[in-house]
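Spelled out, the chains give:
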Amino acid sequence: MKILAIETSCDETSMSVIEDGTKELATTVLSQMDTHALFGGVVPEIASRMHIENITIVLDETLKKAGLELADIDAFAVTYGPGLIGSLLVGLMCAKTLAYIYNKPLIPVHHIAGHIYANNLEKPLEFPLLALVVSGGHTELVYMKDHYDFEVLGSTLDDAVGEAYDKVARVINVPYPGGPLVDKLAHQGKDTYDLPTPLNDDSYNFSFSGLKSAVINLVHKEKQNNREIIAENMACSFQNRVVDILTKKTINAASKLGIKNLIVAGGVAANSGLRESLSISCQKNNIDLIIPDLKRCTDNAAMIGAAAYYAYKKGDIAGLKLNARASIPLK
Ligand code: KG4
Ligand code: ZN
């Protein structure tokens, strides 16, 4: 089954053709990052306008790469939430139009289900599994006993981890996109700043706003004392706290629940400190770890196409009344 998947939830216009949930025939990702960098972050109105300009270009390019025509496609899948409403609507209207014209199923995909299924393109998922979801909008531990069966065990009580990265980046004068650059700086610095380990308890929940505020307060205090903070050292100290707590809670959950399969999902799965720490801890604890290739960590339509195959098999087919949702729980 060839699914043409569309992802426009934030600032990437992306399409992909995925066969049977595992085989990537073609993917195109057109990033708007350079434009939003001028404003220090994603500007929703600009994002949706750029999706409109780019969507047919991305469609043509993806079909050309796959060597297919629209008539060869068996179903159309689309991210319908969570995300920026204006951005989501562009992808949604495109998917609805194609499904209507070609009289094929329209498959609605939750963005986080997509991030999780990016791993299915690396290696078919094995169950039961634990997914650590770490993105700009989400930080969650998700239990899956089978395909497309999600149970959220815990989540962030405030900021998502990617959001904390982006906010910390701003206060230490790191330009947008903050996360990857803070990650890079962290490797050039030392863990010298006294920062708290957030929500260091036995729950499966996370909290990053206290850690973020500690960074902001320290930066202000140093400024008041006419001292400059050393950005590399702050990045390293911040990243160590984040990686430590994510690793600790994830491995604890896997051990308590007796789960041997761990996957990591979302943009922050690209973080080199997290990748290294999890792979060391998983090896020690005899846990099989899958982390997507870097290109599949951040937003892309291949992950949506992979998820869509299992959503379809479960009977998730939408009518043309399907609407975009800014926020929607994973279930
Ligand atoms: O999954 P994603 O592309 O978009 C959302 O669904 O949110 O994730 C984007 C987030 C941003 O906050 C970005 O700063 C963060 O992922 N990110 C990273 C790294 N690469 C991307 N954070 C830390 N280290 C990285 N290497
Ligand atoms: Zn995402």
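Residues numbered from 1 in each chain as written. Chains lettered and ligands numbered in written order. Predicted model: local features only at pLDDT ≥ 70, side-chain atom pairs only at ≥ 80, totals over all residues. Heavy atoms only, no water.

**As for the environment of Thr22**
Part 1 of the argument: Structurally, Thr22 is set in the loop between strand E2 (12–19) and strand E3 (23–31).
Part 2 of the argument: Through-space distance from the C-alpha of Thr22 to that of Asn120 is 6.2 Å; in sequence the pair is 98 residues apart.
Part 3 of the argument: Those residues in contact with Thr22 that lie beyond four places of it in its chain are Asn120, Leu121 and Tyr310. (Helix = DSSP H or I, 4+ residues; strand = E, 2+ residues; numbered from the N terminus. Contact = heavy atoms within 4.5 Å.)

**Quick look at the coordination of the zinc ion (ligand 2)**
Part 1 of the argument: The protein atoms that coordinate the zinc ion (ligand 2) are His111 (NE2), His115 (NE2) and Asp299 (OD), at distances spanning 2.0 to 2.1 Å.
Part 2 of the argument: On the primary sequence, the residues serving as donors to the zinc ion (ligand 2) are separated as H-x3-H-x183-D. Of this pair, His115 sits in helix H4 (residues 111–117) while Asp299 sits in the loop between helix H10 (294–297) and helix H11 (301–313), and the two are 184 residues apart along the sequence. Accessibility assignment for this pair places His115 and Asp299 in one class, buried. (Donors = N, O, S within 2.8 Å, 3.2 Å for Na, K, Ca; no water. Buried < 20%, exposed > 50% of the residue type's maximum accessible area, 1.4 Å probe, protein only.)

**Quick notes on the site of ligand 1**
Part 1 of the argument: What surrounds ligand 1 is a group of 18 residues, the closest being His115, Gly136, Asp166, Gly267 and Asn271.
Part 2 of the argument: Within the backbone of Gly179, one N or O atom sits 3.2 Å away from an oxygen atom of ligand 1.
Part 3 of the argument: In isolation ligand 1 has 550 Å² of accessible area, and contact with the protein removes 86% of it.
Part 4 of the argument: Elements with a contribution of two residues or more to the shell around ligand 1: H4, helix H5 (161–171) and helix H6 (178–186).
Part 5 of the argument: Residue composition of the shell around ligand 1, by class: four nonpolar, 11 polar and three charged.
Part 6 of the argument: Mapped onto the domain boundaries, the shell around ligand 1 takes at least three residues apiece from domain 1 (2–116 + 296–313) and domain 2 (125–291). (Near = heavy atom within 4 Å. Polar contact = N/O pair within 3.5 Å; in protein donor to acceptor, adjacent residues only side chain to side chain. Areas by Shrake-Rupley, 256 points an atom, 1.4 Å probe, with all protein chains shown as cover. Nonpolar A, V, L, I, M, F, W, Y, C, P; charged D, E, K, R; others polar. Domains from an automatic or database assignment.)

**Considerations on the side chain of Ser281**
Part 1 of the argument: For Ser281, the position within the fold is in helix H9 (residues 272–284).
Part 2 of the argument: Apart from the residues lying within four places of it in its own chain, the contact partners of Ser281 are Thr247 and Ile251.

**Considering the sheet that holds strand E9 (residues 261–265)**
Part 1 of the argument: Strand order in this open sheet of five strands is E8-E7-E6-E9-E10, and the pairing throughout is mixed. At either margin of the open sheet sits one strand with a lone partner, and together these are strand E8 (151–155) and strand E10 (288–290). Within this sheet the neighbouring strands show an average axis-to-axis angle of 20°, counted without direction.
Part 2 of the argument: The pairing of strand E6 (residues 129–134) with E9 spans five bridges and is classified as parallel. In the sheet register, Leu130 faces E9, and the bridge partner there is Leu262.
Part 3 of the argument: Lying over the sheet, helix H8 (residues 231–257) contacts E6, strand E7 (139–144), E8 and E9, oriented at roughly 160° with respect to E6. (Pairing = 2+ DSSP bridges. Axes fitted to C-alpha atoms, helices over the stretch in contact; angles between N-to-C directions.)

**Thoughts on the domain arrangement of the chain**
Part 1 of the argument: According to the domain assignment, the chain consists of domain 1 (2–116 + 296–313) and domain 2 (125–291).
Part 2 of the argument: Relative to domain 2, the C-alpha centre of domain 1 lies at a distance of 27 Å.
Part 3 of the argument: If you sort the residues of domain 1 by the area they bury against domain 2, Ile112, Ile116 and Cys297 come out on top, with a joint share of 42%.
Part 4 of the argument: If you look at where domain 1 meets domain 2, you find zero salt bridges.
Part 5 of the argument: Counting across the domain 1 and domain 2 interface gives three residue pairs in polar contact (both at pLDDT 80 or more).
Part 6 of the argument: At the level of elements, helix H1 (33–37), strand E5 (106–110), H4 and H11 are the ones that each hand at least two residues to the side of domain 1 that touches domain 2.
Part 7 of the argument: Per-element tally for the side of domain 1 that touches domain 2: the top contributor is H4, with four residues. (Buried area = accessible area lost by both parts, 1.4 Å probe. Salt bridge = Lys/Arg side-chain N within 4 Å of Asp/Glu carboxyl O.)

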